[in-house]
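Summary of the model geometry
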Amino acid sequence: MTIVTRREDCAPFTTKDGSTIRELMAYRNSDCESMSLAEAFLLPGCKTECHLHPKVEEIYYCLEGKGRILAGDEYFDIEPGMSVLHRPGVRHQTWNNGDVPLVLLCQCAPAYEHEDTIILPDAGEETAE
């Protein structure tokens with residue numbers, strides 16, 4: 001069965017890491033069973049909490065803006081058209097170091113859950129520049 005959702009029908013909420021997301025497709029708003037797709041955004045100068053997901057494999061795809069991502073012990077500058085994979089159990093953190101909102105598509109398998117987010121010590125401001 002094909003399921004269709006509309007972005008404007010998906011209410012935004014704040015995740016445990018402090019980012020604002022809209023679940024575009026997840027078991028909470030569709031019959032999707034084994035993954036979720038969300039649009040996440042960070043305002044200029046904002047960051048997420050450093051965190052990891054013990055169970056979830058997560059892909060970020062940058063739609064708009066510029067940012068910096070910590071994945072494990074490596075830092076990556078991101079811009080539209082770039083993807084980053086976060087494996088289960090690997091810490092990550094995101095900074096918006098641009099002048100416009102940073103907008104990411106986030107695919108999680110299995111689906112995102114607050115309970116699968118473990119907050120870690122901040123990676124440090126000096127690394128975000």
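Everything below is about the structure shown above.
The text that follows walks through the structure, step by step, so that each part is easy to find. Sequence order sets the numbering: in each chain, residues are counted from 1 along the sequence as written. Under the rules for a predicted model, residues below a pLDDT of 70 receive no local features and side-chain atom pairs below 80 are neither given nor counted, while totals for whole chains, interfaces and linings still include all residues. The side-chain quantities take in all heavy atoms of the structure and omit both hydrogens and water.

**Digging into the overall build of the protein chain**
Heads up, the condition is: The helix and strand labels rest on DSSP assignments: H or I over at least four residues marks a helix, E over at least two residues marks a strand, and numbering proceeds from the N terminus. Atoms counted for the radius of gyration: C-alpha only. Globule rule: 2.2 Å times the number of residues to the power 0.38. The classification of residues rests on relative accessible area computed with a 1.4 Å probe and restricted to protein chains. Under 20% of the type maximum is buried, over 50% is exposed, and intermediate values are partly exposed. By the convention used here, residues are in contact when the closest approach between their heavy atoms is within 4.5 Å. Here the Shrake-Rupley method, with its probe set to 1.4 Å, supplies the accessible areas, and only the displayed protein chains count as covering residues.
On a plain count of helices and strands, the protein chain comes out with 0 helices and 11 strands. Counting helices and strands in the order they occur from the N terminus, the protein chain gives β-β-β-β-β-β-β-β-β-β-β. The C-alpha atoms of the protein chain give 14 Å as radius of gyration, which agrees with the globular expectation for 129 residues (14 Å, within 12%). With the C-alpha coordinates aligned to their principal axes, the bounding extent of the protein chain is approximately 50 × 30 × 25 Å. In the protein chain, buried positions account for 41% of the 129 residues. In the protein chain, the share of contacts with a sequence separation of at least 24, taken over all contacts with a separation of at least 6, comes to 68%. Carbon together with sulfur atoms contributes 55% to the accessible area of the protein chain, which is approximately 7,100 Å² in total.

Any functional reading would require information that these geometric values do not contain.
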